[in-house]
Amino acid sequence: MNMSNLLIIRHARQIVHVCNKSESMLRGKEMAHVAVTESSNGLSLVVGDDGCIKDFGEDAELEAKYRQCAFQKEIDASGKAILPGLVDGHTHPVWVGDRVHEFAMKLAGATYMDVHKAGGGIHFTVDHVQKATEEELCSSLLERLKRMVKSGTTLVEAKSGYGLNAESEVKMLKALEKAKECFKDIEISSTYCGAHAIPRGKSMEEATNDVINIQIPKIKELNDSKELSVENIDVFCEKGVFDTDASERILQAGKEIGLAINFHGDELHPMNSGELGAKLDARAISHLEEVSDEGIQAMSRKSVVAVILPTTAYILRLKPPPVRKMIEAGVAVALGSDFNPNAFCLSMPLTMHLACVILRMSMNEALAAATINAAASLGRSQTHGSIEVGKVADMIVVDAPRWEHLIYQMGSHNELIKYVIKNGRVVHSS
Ligand code: NIG
Ligand code: FE
(Lines give C-alpha, C1' and ligand atoms only; values in the text may rest on other atoms or scores of the structure.)
(Ligands and ions follow the chains in the order given, each with its own letter.)
Protein backbone atom coordinates (compact mmCIF):
# COMPACT_ATOMS: atom_id res chain seq x y z
CA MET A 1 0.00 0.00 0.00
CA ASN A 2 1.22 3.50 -0.85
CA MET A 3 2.57 5.04 2.35
CA SER A 4 2.16 8.64 1.38
CA ASN A 5 -1.23 10.25 0.99
CA LEU A 6 -2.07 13.89 0.83
CA LEU A 7 -5.12 14.00 3.02
CA ILE A 8 -7.65 12.13 5.11
CA ILE A 9 -10.97 13.63 6.11
CA ARG A 10 -12.59 11.77 9.02
CA HIS A 11 -15.92 11.58 10.82
CA ALA A 12 -18.07 13.25 8.15
CA ARG A 13 -21.80 12.87 8.36
CA GLN A 14 -22.41 13.00 4.62
CA ILE A 15 -20.37 12.58 1.47
CA VAL A 16 -22.33 14.22 -1.32
CA HIS A 17 -21.02 12.59 -4.50
CA VAL A 18 -23.64 14.24 -6.74
CA CYS A 19 -23.20 11.32 -9.13
CA ASN A 20 -21.29 8.05 -8.81
CA LYS A 21 -21.42 6.23 -12.12
CA SER A 22 -18.97 8.37 -14.11
CA GLU A 23 -21.88 10.22 -15.70
CA SER A 24 -20.70 12.95 -18.07
CA MET A 25 -23.69 15.13 -17.15
CA LEU A 26 -27.08 14.84 -15.50
CA ARG A 27 -29.81 15.54 -18.02
CA GLY A 28 -33.29 16.79 -17.25
CA LYS A 29 -35.01 14.67 -14.64
CA GLU A 30 -31.73 12.94 -13.69
CA MET A 31 -30.84 16.17 -11.91
CA ALA A 32 -33.53 15.51 -9.30
CA HIS A 33 -31.40 12.87 -7.59
CA VAL A 34 -27.97 13.47 -6.14
CA ALA A 35 -25.95 10.54 -4.80
CA VAL A 36 -25.16 10.85 -1.09
CA THR A 37 -23.41 8.47 1.30
CA GLU A 38 -24.58 9.07 4.85
CA SER A 39 -23.56 7.57 8.19
CA SER A 40 -24.12 8.53 11.79
CA ASN A 41 -20.95 6.50 12.63
CA GLY A 42 -18.78 8.82 10.57
CA LEU A 43 -17.34 8.66 7.08
CA SER A 44 -13.75 9.07 5.93
CA LEU A 45 -12.29 10.08 2.58
CA VAL A 46 -8.69 9.63 1.44
CA VAL A 47 -6.85 11.71 -1.16
CA GLY A 48 -3.76 10.14 -2.74
CA ASP A 49 -0.50 11.93 -3.40
CA ASP A 50 -1.63 12.56 -6.98
CA GLY A 51 -4.29 14.96 -5.62
CA CYS A 52 -7.10 12.61 -6.66
CA ILE A 53 -9.80 10.92 -4.60
CA LYS A 54 -8.51 7.50 -3.62
CA ASP A 55 -11.05 5.98 -1.29
CA PHE A 56 -14.01 6.64 1.00
CA GLY A 57 -16.12 4.66 3.42
CA GLU A 58 -17.07 4.17 7.07
CA ASP A 59 -14.53 5.57 9.55
CA ALA A 60 -13.77 2.15 11.04
CA GLU A 61 -13.22 0.52 7.67
CA LEU A 62 -10.79 3.17 6.45
CA GLU A 63 -9.07 3.34 9.84
CA ALA A 64 -8.19 -0.34 9.50
CA LYS A 65 -7.27 -0.11 5.83
CA TYR A 66 -4.96 2.91 6.17
CA ARG A 67 -3.48 2.21 9.63
CA GLN A 68 0.02 1.96 8.16
CA CYS A 69 -0.27 5.09 6.06
CA ALA A 70 1.07 8.56 6.56
CA PHE A 71 -1.10 11.54 5.73
CA GLN A 72 0.24 15.00 5.13
CA LYS A 73 -2.98 16.49 6.50
CA GLU A 74 -5.96 15.30 8.52
CA ILE A 75 -9.29 17.04 8.78
CA ASP A 76 -11.86 16.36 11.46
CA ALA A 77 -15.22 16.76 9.73
CA SER A 78 -17.34 15.56 12.67
CA GLY A 79 -21.00 16.20 11.92
CA LYS A 80 -20.20 17.93 8.64
CA ALA A 81 -20.90 17.32 4.96
CA ILE A 82 -18.33 16.89 2.18
CA LEU A 83 -19.39 18.18 -1.23
CA PRO A 84 -17.62 18.54 -4.57
CA GLY A 85 -15.92 21.90 -5.10
CA LEU A 86 -18.39 24.23 -6.78
CA VAL A 87 -17.99 24.95 -10.49
CA ASP A 88 -18.89 28.41 -11.75
CA GLY A 89 -19.89 28.05 -15.39
CA HIS A 90 -19.88 31.71 -16.47
CA THR A 91 -17.92 34.75 -15.26
CA HIS A 92 -16.40 37.99 -16.52
CA PRO A 93 -13.78 38.56 -13.79
CA VAL A 94 -11.12 40.58 -15.68
CA TRP A 95 -11.87 44.29 -15.44
CA VAL A 96 -11.24 47.50 -13.55
CA GLY A 97 -13.72 50.31 -12.84
CA ASP A 98 -16.89 49.27 -11.05
CA ARG A 99 -20.39 50.22 -12.22
CA VAL A 100 -22.08 50.86 -8.90
CA HIS A 101 -23.54 54.08 -10.37
CA GLU A 102 -25.37 52.00 -13.00
CA PHE A 103 -26.90 49.86 -10.31
CA ALA A 104 -28.52 53.05 -9.04
CA MET A 105 -29.77 53.88 -12.56
CA LYS A 106 -31.25 50.42 -12.95
CA LEU A 107 -32.94 50.61 -9.57
CA ALA A 108 -34.49 53.85 -10.79
CA GLY A 109 -35.93 52.05 -13.82
CA ALA A 110 -33.29 52.01 -16.61
CA THR A 111 -33.02 48.74 -18.53
CA TYR A 112 -29.74 46.98 -19.38
CA MET A 113 -30.02 48.19 -23.00
CA ASP A 114 -30.88 51.78 -21.93
CA VAL A 115 -27.60 51.86 -20.02
CA HIS A 116 -25.71 50.12 -22.85
CA LYS A 117 -27.01 52.51 -25.51
CA ALA A 118 -26.18 55.54 -23.35
CA GLY A 119 -22.53 54.46 -23.59
CA GLY A 120 -22.52 52.71 -20.24
CA GLY A 121 -22.62 49.01 -19.54
CA ILE A 122 -20.02 46.99 -21.39
CA HIS A 123 -18.66 50.15 -23.09
CA PHE A 124 -17.92 51.80 -19.74
CA THR A 125 -15.89 48.77 -18.72
CA VAL A 126 -14.19 48.57 -22.14
CA ASP A 127 -12.93 52.15 -21.73
CA HIS A 128 -11.38 51.27 -18.38
CA VAL A 129 -9.94 47.94 -19.51
CA GLN A 130 -8.35 49.36 -22.64
CA LYS A 131 -6.48 51.90 -20.48
CA ALA A 132 -5.44 49.39 -17.78
CA THR A 133 -2.17 47.47 -17.71
CA GLU A 134 -2.06 43.68 -17.66
CA GLU A 135 -0.73 43.90 -14.09
CA GLU A 136 -3.67 46.05 -12.94
CA LEU A 137 -6.10 43.62 -14.52
CA CYS A 138 -4.33 40.66 -12.97
CA SER A 139 -4.26 42.10 -9.47
CA SER A 140 -8.00 42.84 -9.34
CA LEU A 141 -8.65 39.45 -10.94
CA LEU A 142 -6.67 37.70 -8.21
CA GLU A 143 -8.66 39.43 -5.46
CA ARG A 144 -11.88 38.20 -7.07
CA LEU A 145 -10.59 34.67 -7.53
CA LYS A 146 -9.63 34.57 -3.83
CA ARG A 147 -13.17 35.59 -2.89
CA MET A 148 -14.60 32.91 -5.17
CA VAL A 149 -12.44 30.28 -3.44
CA LYS A 150 -13.78 31.39 -0.04
CA SER A 151 -17.28 30.84 -1.40
CA GLY A 152 -16.41 27.29 -2.41
CA THR A 153 -15.59 27.62 -6.12
CA THR A 154 -12.71 25.40 -7.28
CA LEU A 155 -13.21 25.61 -11.06
CA VAL A 156 -14.34 28.71 -12.91
CA GLU A 157 -15.01 29.72 -16.49
CA ALA A 158 -13.54 33.19 -17.14
CA LYS A 159 -14.04 35.37 -20.19
CA SER A 160 -12.27 38.18 -21.96
CA GLY A 161 -14.61 40.59 -23.76
CA TYR A 162 -13.88 44.08 -22.42
CA GLY A 163 -11.00 44.68 -24.82
CA LEU A 164 -12.87 44.47 -28.15
CA ASN A 165 -9.63 44.72 -30.14
CA ALA A 166 -6.80 42.23 -30.57
CA GLU A 167 -4.40 44.02 -28.26
CA SER A 168 -6.75 44.50 -25.32
CA GLU A 169 -8.41 41.10 -25.67
CA VAL A 170 -4.98 39.48 -25.56
CA LYS A 171 -4.10 41.62 -22.53
CA MET A 172 -7.14 40.27 -20.69
CA LEU A 173 -6.37 36.68 -21.67
CA LYS A 174 -2.75 37.14 -20.56
CA ALA A 175 -3.97 38.41 -17.18
CA LEU A 176 -5.93 35.15 -16.89
CA GLU A 177 -2.83 33.20 -17.92
CA LYS A 178 -0.76 34.90 -15.24
CA ALA A 179 -3.42 34.10 -12.65
CA LYS A 180 -3.30 30.44 -13.72
CA GLU A 181 0.45 30.42 -13.16
CA CYS A 182 0.62 32.17 -9.83
CA PHE A 183 -2.64 31.17 -8.12
CA LYS A 184 -3.34 27.46 -8.00
CA ASP A 185 -6.20 27.54 -5.47
CA ILE A 186 -8.74 27.65 -8.29
CA GLU A 187 -8.71 26.27 -11.81
CA ILE A 188 -9.61 28.54 -14.73
CA SER A 189 -11.10 27.66 -18.11
CA SER A 190 -10.45 30.72 -20.30
CA THR A 191 -12.89 31.93 -22.91
CA TYR A 192 -12.17 34.36 -25.72
CA CYS A 193 -15.17 36.74 -25.99
CA GLY A 194 -13.90 39.43 -28.38
CA ALA A 195 -17.45 39.63 -29.79
CA HIS A 196 -18.99 40.85 -26.53
CA ALA A 197 -20.12 44.23 -27.94
CA ILE A 198 -19.73 46.26 -31.11
CA PRO A 199 -16.84 48.69 -30.56
CA ARG A 200 -17.86 52.34 -30.80
CA GLY A 201 -17.67 53.66 -34.37
CA LYS A 202 -17.77 50.20 -35.96
CA SER A 203 -20.62 48.41 -37.70
CA MET A 204 -21.54 44.85 -36.78
CA GLU A 205 -20.03 43.71 -40.09
CA GLU A 206 -16.74 45.49 -39.37
CA ALA A 207 -16.61 44.15 -35.83
CA THR A 208 -17.36 40.61 -37.06
CA ASN A 209 -14.60 40.81 -39.67
CA ASP A 210 -12.12 42.13 -37.10
CA VAL A 211 -12.92 39.23 -34.77
CA ILE A 212 -12.64 36.63 -37.53
CA ASN A 213 -9.73 37.99 -39.54
CA ILE A 214 -7.56 39.67 -36.90
CA GLN A 215 -8.44 38.54 -33.37
CA ILE A 216 -9.10 34.82 -33.83
CA PRO A 217 -5.87 34.25 -35.82
CA LYS A 218 -3.98 36.05 -33.04
CA ILE A 219 -5.55 33.78 -30.40
CA LYS A 220 -4.56 30.77 -32.48
CA GLU A 221 -0.98 31.98 -32.80
CA LEU A 222 -0.69 32.54 -29.02
CA ASN A 223 -2.41 29.26 -28.19
CA ASP A 224 -0.04 27.44 -30.55
CA SER A 225 3.00 29.05 -28.94
CA LYS A 226 1.58 28.22 -25.47
CA GLU A 227 1.54 31.88 -24.43
CA LEU A 228 -2.21 31.44 -24.01
CA SER A 229 -4.36 28.44 -23.18
CA VAL A 230 -7.79 29.60 -24.33
CA GLU A 231 -10.39 26.83 -24.38
CA ASN A 232 -13.69 28.37 -25.43
CA ILE A 233 -15.17 30.87 -27.90
CA ASP A 234 -18.04 33.15 -26.89
CA VAL A 235 -20.18 35.81 -28.60
CA PHE A 236 -23.02 38.00 -27.32
CA CYS A 237 -25.74 36.84 -29.75
CA GLU A 238 -28.30 39.57 -29.15
CA LYS A 239 -30.47 42.07 -31.02
CA GLY A 240 -28.39 45.23 -31.51
CA VAL A 241 -25.16 43.38 -30.74
CA PHE A 242 -24.18 40.35 -32.91
CA ASP A 243 -27.09 38.92 -34.86
CA THR A 244 -27.53 35.19 -35.38
CA ASP A 245 -25.67 35.09 -38.72
CA ALA A 246 -22.68 37.08 -37.45
CA SER A 247 -22.64 34.94 -34.30
CA GLU A 248 -22.57 31.79 -36.42
CA ARG A 249 -19.61 33.05 -38.48
CA ILE A 250 -17.68 33.97 -35.33
CA LEU A 251 -18.40 30.75 -33.48
CA GLN A 252 -17.53 28.67 -36.54
CA ALA A 253 -14.21 30.51 -36.90
CA GLY A 254 -13.44 29.82 -33.25
CA LYS A 255 -14.34 26.17 -33.66
CA GLU A 256 -11.98 25.91 -36.60
CA ILE A 257 -9.04 26.87 -34.41
CA GLY A 258 -10.02 24.23 -31.86
CA LEU A 259 -12.09 26.23 -29.36
CA ALA A 260 -15.24 24.83 -27.78
CA ILE A 261 -18.39 26.84 -28.44
CA ASN A 262 -19.87 28.34 -25.28
CA PHE A 263 -21.83 31.54 -25.94
CA HIS A 264 -24.33 34.15 -24.67
CA GLY A 265 -27.68 33.60 -26.38
CA ASP A 266 -31.36 34.49 -26.20
CA GLU A 267 -30.84 36.76 -23.18
CA LEU A 268 -32.98 39.82 -23.96
CA HIS A 269 -34.58 38.84 -27.28
CA PRO A 270 -35.32 35.53 -28.99
CA MET A 271 -32.41 34.96 -31.41
CA ASN A 272 -32.75 31.23 -32.18
CA SER A 273 -29.59 30.70 -30.15
CA GLY A 274 -30.67 27.25 -28.95
CA GLU A 275 -31.11 26.14 -32.56
CA LEU A 276 -27.79 27.76 -33.55
CA GLY A 277 -25.87 26.13 -30.72
CA ALA A 278 -27.27 22.70 -31.57
CA LYS A 279 -26.43 23.17 -35.26
CA LEU A 280 -22.82 24.10 -34.40
CA ASP A 281 -22.43 21.35 -31.77
CA ALA A 282 -21.88 23.96 -29.07
CA ARG A 283 -20.77 22.64 -25.71
CA ALA A 284 -22.89 25.22 -23.88
CA ILE A 285 -25.14 28.23 -24.25
CA SER A 286 -25.60 30.78 -21.47
CA HIS A 287 -28.61 32.89 -20.42
CA LEU A 288 -31.50 31.56 -22.59
CA GLU A 289 -34.15 33.74 -20.96
CA GLU A 290 -35.83 33.96 -24.40
CA VAL A 291 -35.03 30.50 -25.80
CA SER A 292 -37.71 29.01 -28.08
CA ASP A 293 -39.38 25.64 -27.53
CA GLU A 294 -37.64 24.35 -30.66
CA GLY A 295 -34.32 25.66 -29.32
CA ILE A 296 -34.86 23.70 -26.10
CA GLN A 297 -35.60 20.51 -28.05
CA ALA A 298 -32.55 21.02 -30.27
CA MET A 299 -30.30 21.52 -27.22
CA SER A 300 -31.67 18.38 -25.64
CA ARG A 301 -31.08 16.32 -28.80
CA LYS A 302 -27.47 17.49 -29.08
CA SER A 303 -26.69 17.51 -25.32
CA VAL A 304 -25.82 21.21 -25.35
CA VAL A 305 -25.54 22.33 -21.73
CA ALA A 306 -27.75 25.29 -20.71
CA VAL A 307 -25.71 27.57 -18.43
CA ILE A 308 -28.31 29.45 -16.44
CA LEU A 309 -27.46 32.74 -14.71
CA PRO A 310 -30.06 33.60 -12.07
CA THR A 311 -28.23 36.75 -10.96
CA THR A 312 -28.96 38.41 -14.33
CA ALA A 313 -32.70 37.87 -14.26
CA TYR A 314 -32.68 38.95 -10.60
CA ILE A 315 -30.70 42.15 -10.99
CA LEU A 316 -32.25 43.22 -14.29
CA ARG A 317 -35.71 42.06 -13.26
CA LEU A 318 -35.99 40.00 -16.45
CA LYS A 319 -38.40 37.25 -17.19
CA PRO A 320 -36.54 34.24 -15.79
CA PRO A 321 -35.29 31.55 -18.22
CA PRO A 322 -37.70 28.60 -18.63
CA VAL A 323 -35.63 26.17 -16.60
CA ARG A 324 -38.51 23.83 -15.76
CA LYS A 325 -39.27 23.46 -19.48
CA MET A 326 -35.62 22.70 -20.15
CA ILE A 327 -35.49 20.08 -17.43
CA GLU A 328 -38.72 18.55 -18.67
CA ALA A 329 -37.19 18.35 -22.17
CA GLY A 330 -34.10 16.53 -20.89
CA VAL A 331 -31.60 19.39 -21.13
CA ALA A 332 -28.58 19.35 -18.79
CA VAL A 333 -28.80 22.62 -16.87
CA ALA A 334 -25.70 24.21 -15.33
CA LEU A 335 -25.30 27.36 -13.24
CA GLY A 336 -22.95 30.31 -13.33
CA SER A 337 -22.63 33.36 -11.10
CA ASP A 338 -22.22 35.60 -14.20
CA PHE A 339 -19.85 37.69 -12.07
CA ASN A 340 -19.38 40.94 -14.02
CA PRO A 341 -19.62 44.68 -13.28
CA ASN A 342 -23.38 44.51 -13.91
CA ALA A 343 -24.04 41.51 -11.62
CA PHE A 344 -21.44 41.63 -8.86
CA CYS A 345 -21.88 38.16 -7.42
CA LEU A 346 -18.90 35.89 -6.71
CA SER A 347 -20.86 33.26 -4.86
CA MET A 348 -22.18 29.98 -6.20
CA PRO A 349 -24.15 29.19 -2.99
CA LEU A 350 -26.06 32.45 -3.46
CA THR A 351 -26.49 31.65 -7.16
CA MET A 352 -27.94 28.25 -6.22
CA HIS A 353 -30.29 29.92 -3.73
CA LEU A 354 -31.58 32.31 -6.43
CA ALA A 355 -31.93 29.39 -8.86
CA CYS A 356 -34.13 27.57 -6.36
CA VAL A 357 -36.35 30.50 -5.45
CA ILE A 358 -36.59 32.43 -8.73
CA LEU A 359 -36.19 29.62 -11.24
CA ARG A 360 -38.01 26.98 -9.23
CA MET A 361 -35.19 24.47 -9.23
CA SER A 362 -34.98 21.95 -6.42
CA MET A 363 -31.88 22.00 -4.20
CA ASN A 364 -30.73 18.73 -5.80
CA GLU A 365 -31.08 20.22 -9.26
CA ALA A 366 -29.22 23.36 -8.25
CA LEU A 367 -26.35 21.32 -6.82
CA ALA A 368 -26.08 19.12 -9.91
CA ALA A 369 -26.12 22.31 -11.98
CA ALA A 370 -23.33 23.89 -9.91
CA THR A 371 -21.08 20.82 -9.99
CA ILE A 372 -21.18 18.03 -12.59
CA ASN A 373 -23.19 19.95 -15.21
CA ALA A 374 -21.10 23.11 -14.92
CA ALA A 375 -18.01 20.88 -15.26
CA ALA A 376 -19.62 19.39 -18.39
CA SER A 377 -20.12 22.88 -19.80
CA LEU A 378 -16.32 23.23 -19.61
CA GLY A 379 -15.51 19.77 -20.94
CA ARG A 380 -14.20 18.64 -17.55
CA SER A 381 -16.86 16.31 -16.20
CA GLN A 382 -14.66 13.21 -16.52
CA THR A 383 -12.28 14.71 -13.95
CA HIS A 384 -14.29 17.29 -11.98
CA GLY A 385 -17.75 17.96 -10.61
CA SER A 386 -18.42 14.92 -8.42
CA ILE A 387 -16.86 12.94 -5.57
CA GLU A 388 -15.84 9.67 -7.23
CA VAL A 389 -12.70 7.60 -6.85
CA GLY A 390 -10.08 8.73 -9.39
CA LYS A 391 -11.48 12.22 -9.84
CA VAL A 392 -9.59 15.37 -8.89
CA ALA A 393 -9.98 16.00 -5.14
CA ASP A 394 -11.78 19.35 -5.33
CA MET A 395 -14.10 19.48 -2.34
CA ILE A 396 -15.69 21.67 0.28
CA VAL A 397 -16.50 20.75 3.87
CA VAL A 398 -19.72 22.34 5.08
CA ASP A 399 -20.47 22.78 8.77
CA ALA A 400 -23.98 21.37 8.75
CA PRO A 401 -25.46 17.92 9.21
CA ARG A 402 -27.14 18.09 5.81
CA TRP A 403 -25.56 19.69 2.74
CA GLU A 404 -28.76 21.57 1.84
CA HIS A 405 -27.89 24.16 4.51
CA LEU A 406 -25.40 25.57 2.01
CA ILE A 407 -28.34 26.76 -0.10
CA TYR A 408 -30.91 27.24 2.63
CA GLN A 409 -28.78 29.52 4.84
CA MET A 410 -28.93 32.35 2.34
CA GLY A 411 -25.77 34.47 2.34
CA SER A 412 -24.11 32.53 5.19
CA HIS A 413 -21.86 30.40 3.01
CA ASN A 414 -18.64 32.01 4.22
CA GLU A 415 -19.40 30.81 7.77
CA LEU A 416 -20.66 27.41 6.65
CA ILE A 417 -17.74 26.49 4.38
CA LYS A 418 -15.05 25.29 6.80
CA TYR A 419 -12.58 23.96 4.24
CA VAL A 420 -12.01 24.38 0.54
CA ILE A 421 -9.81 21.67 -0.95
CA LYS A 422 -8.23 21.97 -4.41
CA ASN A 423 -6.34 19.01 -5.89
CA GLY A 424 -6.26 17.52 -2.38
CA ARG A 425 -4.68 20.63 -0.86
CA VAL A 426 -6.52 22.76 1.73
CA VAL A 427 -6.65 26.21 0.11
CA HIS A 428 -9.05 27.86 2.52
CA SER A 429 -10.21 27.18 6.09
CA SER A 430 -12.36 29.22 8.42
O1 NIG B 1 -23.56 37.85 -19.13
N2 NIG B 1 -24.83 39.87 -21.53
C3 NIG B 1 -23.63 40.09 -21.76
N4 NIG B 1 -22.64 39.94 -20.91
C5 NIG B 1 -22.74 39.99 -19.50
C6 NIG B 1 -22.83 41.38 -18.97
C7 NIG B 1 -21.56 42.08 -19.13
C8 NIG B 1 -21.60 43.47 -18.66
O9 NIG B 1 -22.66 44.07 -18.49
O10 NIG B 1 -20.48 44.00 -18.44
C11 NIG B 1 -23.75 39.02 -18.92
O12 NIG B 1 -24.69 39.40 -18.24
FE1 FE C 1 -22.04 36.96 -19.34
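Predicted, not measured: the structure shown is a model, and the values here were computed from it.

This brings us to the sheet that holds strand β7 (residues 153-159). The eight strands are arranged β6-β7-β8-β9-β10-β11-β12-β13 in an open sheet whose pairing can be described as parallel. What marks the edges here is a single partner per strand, and that holds for β6 (86-88) and β13 (333-335). Each strand axis lies, on average, 25° off the axis of its neighbour in the sheet, ignoring direction. Across four bridges, the pairing between strand β10 (residues 260-265) and strand β11 (residues 284-287) is parallel. Note that in β11 the partner of Phe 263 across the bridge is Ile 285.

Put simply, helix α5 (residues 134-150) and helix α6 (residues 166-182) touch, their axes get as near as 9 Å, and they point 50° apart. As far as their axial angle goes, α6 and α5 are oblique. For the pair α5 and α6, the crossing hand works out as right-handed. Of the residues in α6, those in contact with Glu 134, Leu 137, Cys 138, Leu 141, Leu 142 and Leu 145 of α5 are Lys 171, Met 172, Lys 174, Ala 175, Lys 178 and Ala 179. Of the residues that constitute the contact of α5 with α6, the class distribution is eight nonpolar, no polar and four charged.

Sheet faces and side chains relate simply in a regular strand, where the side chains alternate between the two faces. Across the 15 residues of strand β1 (residues 4-18), 12 count as buried, placing the element largely inside the fold. Taken together, the six bridges between β1 and strand β4 (residues 70-76) define a ladder with parallel strand orientation. Each residue of the ladder has a partner; that of Asn 5, found in β4, is Phe 71. For β1 and strand β5 (residues 81-84), the ladder comprises two bridges, and the chain directions are parallel.

A few words on the site of ligand 1. What surrounds ligand 1 is the set His 92, Gly 121, Ile 122, Thr 125, Phe 236, His 264, Glu 267, Thr 312, Asp 338, Asn 340, Pro 341 and Asn 342. By residue class, the composition of the shell around ligand 1 is three nonpolar, seven polar and two charged.

Moving on, we come to the environment of Asn 340. Topologically, Asn 340 is positioned in the loop between β13 and α13 (348-359). The exposure class assigned to Asn 340 is buried, which follows from the 25 C-beta atoms found within 10 Å. Taking C-alpha positions, Asn 340 is 23 Å from Pro 270, a pair spaced 70 residues apart along the chain.

At Leu 164, a residue that is not glycine, the phi angle is positive and equals roughly 60°. The topology assignment puts Leu 164 in the loop between β7 and α6. We note that Asn 423 has phi near 50°; this positive angle belongs to a residue other than glycine. Positionally, Asn 423 belongs in the loop between β15 (417-422) and β16 (425-429).

Once the domains are mapped, the protein shows domain 1 (4-84 + 388-429) and domain 2 (86-377). A separation of 30 Å is found between the C-alpha centroids of domain 1 and domain 2. Each partner contributes to the interface: domain 1 provides 28 residues, whereas domain 2 provides 35 residues. Residue assignment for the side of domain 1 that touches domain 2 shows that the elements contributing at least two residues are α16 (405-408), α17 (413-416), β15 and β16. Of the residues belonging to the side of domain 1 that touches domain 2, the class tally is 15 nonpolar, seven polar and six charged.

This part covers the nonpolar core. Among the nonpolar cores identified, the biggest contains 140 residues, and Ile 82, Ala 306, Ile 308, Val 333, Ala 334 and Ala 369 are the most heavily contacted of them. Examining the composition of this core, we find that eight residues originate from one element, β1, more than from any other. Counting contributing residues, this core receives three or more from each of domain 1 (4-84 + 388-429) and domain 2 (86-377). Ignoring sequence-local partners within four residues, the contact set of Ile 82 consists of Ile 9, Ala 12, Gln 14, Ile 15, Val 16, Leu 45, Ala 77, Ile 387, Met 395 and Val 397.

What counts and what doesn't
Residues numbered from 1 in each chain as written. Chains lettered and ligands numbered in written order. Predicted model: local features only at pLDDT ≥ 70, side-chain atom pairs only at ≥ 80, totals over all residues. Pairing = 2+ DSSP bridges. Helix = DSSP H or I, 4+ residues; strand = E, 2+ residues; numbered from the N terminus. Axes fitted to C-alpha atoms, helices over the stretch in contact; angles between N-to-C directions. Parallel < 35°, antiparallel > 145°, perpendicular 65-115°, else oblique. Left-handed = near helix turned anticlockwise from the far one by under 90°. Contact = placed C-beta atoms within 7 Å. Nonpolar A, V, L, I, M, F, W, Y, C, P; charged D, E, K, R; others polar. Buried ≥ 20, exposed ≤ 12 C-beta atoms within 10 Å, placed from the backbone. Near = placed C-beta within 6 Å. Domains from an automatic or database assignment. Core = buried A, V, L, I, M, F, W, Y, C linked by C-beta atoms within 7 Å.

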